[in-house]
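As a plain string of letters, each chain reads:
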Amino acid sequence: MPQVAPSILSADFANLERDCRRVLTQNSPILHFDVMDGVFVPNLSIGVPVLESLKKAVPEAIYDVHLMIVRPAAYVEAFAKAGANYITIHYEAESDVADTLQAIRALGCKAGLSLRPGTPPEALFPLLDAADLVLVMSVEPGFGGQAFMPGAVDKIRALRAEAARRGLPLLLEVDGGINAETAKPCIAAGVDILVAGSAVFKAEHPVAVIGAIAGATA
Ligand code: DX5
Ligand code: ZN
């Protein structure tokens, strides 16, 4: 069964611990933590001090940190020390991607690589040995609540096929516009983790929504 990673970008930041506890269950232990610098994407969000506090308040969660920042290499150590378990950087970032993925692994985290909707999956193929996870963006990064871009499904399929061909134990994650409907083709294409922000946190019964997304079949 695929996993769901609620994106706390859509949580109530004045009640972050409460909102995180509301979505965490034994079957769904991951929290997606979106970091934006106002340069790589036209928005600002949260950073190291928030992760540090959240890790202390909710230590049992797995923290899936998505860095939408121009120079991730300068910050991966700080995020690892603050409690990140997965750290994902963008293929389009300015830092040396292969070196940064290696640095993330050396810090004891899973190394993730993400691509914008306009980047072809083949661009990542030479880097797949250095990555534990690929995060396929199904919206233009920067904001929650956008509509799912169906082009992501073919990318998931292409990356799944390439990983299988090379025998790589790659985790595939999709991020943007995910709900119980848009999850279906992603799961059919072989995704392992589905990020969902607004669908989960704006729902009256977040745990039910998480179950519906994870169990979505075409
Ligand atoms: C967008 C972020 C996403 C976002 C998803 O740039 O990377 O993680 O929070 O939000 P929804 O699920 O509302 O599209
Ligand atoms: Zn994200």
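As a reminder, the structure under discussion sits directly above these lines.
A brief look at the structure comes next. (Residues numbered from 1 in each chain as written. Chains lettered and ligands numbered in written order. Predicted model: local features only at pLDDT ≥ 70, side-chain atom pairs only at ≥ 80, totals over all residues. Heavy atoms only, no water.)

A word on the pairing of strand β4 (residues 86–90)
Then comes step 1: Burial analysis of β4 places five of its five residues in the buried class, the great majority of the element.
Then comes step 2: Burial along β4 is two-sided: the residues Y86, T88 and H90 and I87 and I89 are all buried.
Then comes step 3: Looking at chain direction, strand β3 (residues 62–68) and β4 are connected through three bridges and run parallel. When the bridges of β4 are listed, H66 appears paired with T88.
Then comes step 4: Relative to strand β5 (residues 110–115), β4 runs parallel, the two sharing five bridges. Looking at β5, one finds that Y86 is bridged to K110.
Then comes step 5: This β-α-β element, β4 to helix α4 (residues 97–106) to β5, shows right-handed connectivity. (Buried < 20%, exposed > 50% of the residue type's maximum accessible area, 1.4 Å probe, protein only. Helix = DSSP H or I, 4+ residues; strand = E, 2+ residues; numbered from the N terminus. Pairing = 2+ DSSP bridges. Right-handed = clockwise from strand over helix to strand, strands pointing away.)

Here we look at the packing of aromatic side chains
Then comes step 1: Overall, the coordinates contain zero aromatic pairs when judged by the stated rule.
Then comes step 2: Seen from the ring of F40, R116 lies directly overhead, with NZ or CZ sitting 4.4 Å from the centre. (Phe/Tyr/Trp six-rings, centres within 6.5 Å; stacked < 30°, edge-to-face > 60°. Lys NZ or Arg CZ within 6 Å of the ring centre and 35° of its normal.)

Description of the coordination of the zinc ion (ligand 2)
Then comes step 1: In the first shell of the zinc ion (ligand 2), the protein supplies H32 (NE2), D34 (OD), H66 (ND1) and D175 (OD), at 2.1 to 2.3 Å from the metal.
Then comes step 2: Angles of 70 to 172° at the metal separate the six donor atoms of the zinc ion (ligand 2), which places the site in the octahedral class.
Then comes step 3: The motif formed by the donor residues of the zinc ion (ligand 2), counted along the single chain, is H-x1-D-x31-H-x108-D. A residue pair is termed long-range when its members are at least 10 positions apart, and H66 in strand β3 and D175 in strand β7 (residues 171–175) qualify at 109 residues. Just as H66 is buried, D175 falls in that class too. (Donors = N, O, S within 2.8 Å, 3.2 Å for Na, K, Ca; no water. Tetrahedral: all angles 85-135°; square planar, octahedral: opposite > 155°, others 65-115°.)

Focus: the site of ligand 1
Then comes step 1: Looking at ligand 1, there are 20 residues lining it, with D34, G142, D175, G197 and S198 nearest.
Then comes step 2: Here S7 contributes a side-chain N or O atom positioned 2.8 Å from an oxygen atom of ligand 1.
Then comes step 3: Contact distances for ligand 1 include 3.4 Å between an oxygen atom and a side-chain N or O atom of H32.
Then comes step 4: Look at ligand 1: alone it shows 380 Å² of surface, and the protein chains cover 100% of it. (Near = heavy atom within 4 Å. Polar contact = N/O pair within 3.5 Å; in protein donor to acceptor, adjacent residues only side chain to side chain. Areas by Shrake-Rupley, 256 points an atom, 1.4 Å probe, with all protein chains shown as cover.)

Regarding the sheet that holds strand β1 (residues 3–6)
Then comes step 1: One open sheet accounts for eight strands, arranged β1-β8-β7-β6-β5-β4-β3-β2; its pairing is parallel. What marks the edges here is a single partner per strand, and that holds for β1 and β2 (30–36). In this sheet, adjacent strand axes meet at a mean angle of 25° when their direction is disregarded.
Then comes step 2: In this structure, β1 lies alongside strand β8 (residues 193–196), joined through four bridges in parallel fashion. Across the sheet, the residue bridging to P6 is A196, located in β8. (Axes fitted to C-alpha atoms, helices over the stretch in contact; angles between N-to-C directions.)

Overview of the pattern of salt bridges
Then comes step 1: The final tally for this structure, using the stated rule, is 15 salt bridges.
Then comes step 2: Here R21 ties to E17 by a salt bridge, and the two come within 3.2 Å at their closest N and O atoms. Remark: E17 and R21 occur in helix α1 (residues 16–23); sequence separation between them is four residues, near one turn of the helix.
Then comes step 3: Look at R21 and you get partly exposed, because its relative accessible area is 39%.
Then comes step 4: Via salt bridges that share partners, D12, R18, D19 and R22 belong to a single interconnected network. (Salt bridge = Lys/Arg side-chain N within 4 Å of Asp/Glu carboxyl O.)

Just geometry here; none of it tells us what the structure is for.
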